Amino acid sequence: MKFNRENTERFSVRELFCLVCCPPLPSKIVAKIAFKPPEPSYVFASDSSRNNRITFLESDINIANCDRDNLECFFARTSRGNRIACMFVKRCPLARYTILFSHGNASDIGLMYPFFLDLCNKVCCNVFGYDYSGYGVSTGRPSEKNMYADIDCVWRILISRYNIRPENIILYGQSLGSVPTVDLAARRKVGAVVLHSPILSALRVVYPQMKKTWCCDSFLNIEKVENISSPVLVIHGNNDETVPFSHGVTLFEKCPCSVNPLWVCGAGHNTVEFHDVYLERLKNFVHIDLKNFD
């Protein structure tokens, strides 16, 4: 679930400037330094029915028969022509909210499934996850434009196919997943937004002290977050080694409807959810804080 900073640290400012001003295109640079899809952790048995049978390639992940009854997996076609894999975990039939989860880098919905179950059971929400183009068994290639088309596609599915009202959808973006989450939340009124270890922009991950937005930058959460009119919970570990803690703080300060954030003392980029305070704060946000916005 890490933003792939490892590939960026070898670029100096001069080298990055040369890359941006000369071929290859900036979009290809972004793909090189940002996207790192893992080998697919699952397969779909077929793509001809509404509900595909998923098989996890990780031996320690199993689905009980009762869980299969509450799990839908299928492909959806985006406006850019890609087929993206979707997973709807419906463990809470009476839940008010459905979480639309955009996962981090180096992950896919197969790896996220145990976490989705945990969210369902402990936060009492249903969870809809999806894989970006080029991730998991989704077709296409990862790109910023594809990410926006991917989340637009699943947003429409939740509303039209499942008749879920926009005010009952919580957009949740983790790390790289904060990019499509912020973009959609800035354009649509939703029930709420959770930004978990979010980024300000692509270049600011590499150069945290950068103040000005360059024309070659991308993933511009810092430019869009002020347009979010829904309540926003920002979560970040203060020992994040991948996305600087300052990114979460800045986004919290710029959100017009932000609630009390969760700064997890001692947590790194991939360990926030292992702290007890994480689930406690998330539950309070969903079941207490949001009532103040009704």
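Everything here concerns the structure above.
Every value quoted in this text rests on a predicted model; they were computed, and no experiment measured them.

*Asks:* Where do I start with the sheet that holds strand E6 (residues 126-130) in this structure?
*Replies:* Remark on secondary structure: sheet strands pair via backbone hydrogen bonds, oriented parallel or antiparallel. Within the open sheet, the eight strands sit side by side as E3-E4-E6-E5-E7-E8-E9-E10. Their pairing is mixed. Two strands lie at the open edges of the sheet, namely strand E3 (71-77) and strand E10 (262-264), each paired on one side alone. Neighbour-to-neighbour, the strand axes of this sheet turn through a mean angle of 15°, independent of strand direction. Direction of pairing for strand E5 (residues 98-102) relative to strand E7 (residues 169-174): parallel, over a ladder of five bridges. Across the sheet, residue Ile 99 finds its bridge partner in E7, namely Ile 170. Across the sheet, helix H4 (residues 109-123) touches E3, strand E4 (83-89), E5, E6 and E7, and the angle it forms with E4 is around 25°. The strands touched by helix H6 (residues 178-187) are E5, E6, E7 and strand E8 (192-196); relative to E7, the strand with the most contacts, the crossing angle is about 145°.

*Asks:* Quick question: what am I supposed to make of the packing of H4 against helix H10 (residues 276-287) here?
*Replies:* Any two packed helices are characterised by how steeply their axes cross, that is the angle between the axes, and by the distance between the axes. Close contact between H4 and H10 brings their axes to 10 Å; oriented N to C, the two are set at 55°. Taken as axis vectors, H4 and H10 run oblique relative to one another. For the pair H4 and H10, the crossing hand works out as right-handed. Here Phe 115, Asp 118, Leu 119, Lys 122 and Val 123 of H4 come into contact with H10, specifically with Tyr 278, Leu 279, Leu 282, Lys 283, Val 286 and His 287.

*Asks:* Would you mind going over unusual backbone geometry with me for this structure?
*Replies:* Residues other than glycine predominantly adopt negative phi, and peptide bonds predominantly adopt the trans conformation. The phi torsion at Cys 124 lies on the positive side, around 60°, for a residue other than glycine. When you line up the elements, Cys 124 lands in the loop between H4 and E6. Look at Asn 163: it is not a glycine, yet its phi comes out positive at around 55°. Relative to the helices and strands, Asn 163 is located in the loop between helix H5 (144-160) and E7.

*Asks:* When you look at the nonpolar core in this model, what are you seeing that I'm missing?
*Replies:* General note: in soluble globular proteins, nonpolar side chains tend to be found buried as a group. In this structure, Leu 100, Phe 128 and Tyr 130 are the most contacted members of the largest nonpolar core, which totals 45 residues. A total of eight residues in this core trace back to one element, the largest contributor, which is H5. Once you skip the residues sitting within four places of it in the chain, Leu 100 turns out to touch Phe 128, Tyr 130, Ile 151, Val 154, Trp 155, Leu 158, Ile 169, Ile 170, Leu 171 and Tyr 172.

*Asks:* Explanation requested: the side chain of Asn 82 in the structure shown.
*Replies:* With respect to the helices, strands and loops of the structure, Asn 82 is situated in the loop between E3 and E4. Of the polar contacts made by the side chain of Asn 82, one reaches the side chain of Ser 133; its length is 3.1 Å. Within polar-contact distance, the side chain of Asn 82 engages the side chain of Asn 146 at 3.4 Å. Beyond its immediate stretch of four places on either side in the chain, Asn 82 contacts Ala 76, Arg 77, Ser 133, Thr 139, Gly 140 and Asn 146.

*Asks:* Would you mind showing me how to read the pairing of E8 here?
*Replies:* Across a regular strand the side chains alternate sides, sitting on one face of the sheet and then on the other. For E8, a buried count of five out of five residues is recorded, marking the element as mostly surrounded by other parts of the structure. Side-chain alternation along E8 places Ala 192, Val 194 and His 196 on one buried face and Val 193 and Leu 195 on a second face that is also buried. Sheet topology places E7 next to E8; five bridges connect them, and they run parallel. Residue pairing for E8: Ile 170 is matched across the bridge by Ala 192. Between the parallel elements E7 and E8, the chain passes through H6 in a crossover that is right-handed.

The rules we used
Residues numbered from 1 in each chain as written. Predicted model: local features only at pLDDT ≥ 70, side-chain atom pairs only at ≥ 80, totals over all residues. Heavy atoms only, no water. Pairing = 2+ DSSP bridges. Helix = DSSP H or I, 4+ residues; strand = E, 2+ residues; numbered from the N terminus. Axes fitted to C-alpha atoms, helices over the stretch in contact; angles between N-to-C directions. Contact = heavy atoms within 4.5 Å. Parallel < 35°, antiparallel > 145°, perpendicular 65-115°, else oblique. Left-handed = near helix turned anticlockwise from the far one by under 90°. Core = buried A, V, L, I, M, F, W, Y, C linked by side-chain atoms within 4.5 Å. Buried < 20%, exposed > 50% of the residue type's maximum accessible area, 1.4 Å probe, protein only. Polar contact = N/O pair within 3.5 Å; in protein donor to acceptor, adjacent residues only side chain to side chain. Right-handed = clockwise from strand over helix to strand, strands pointing away.

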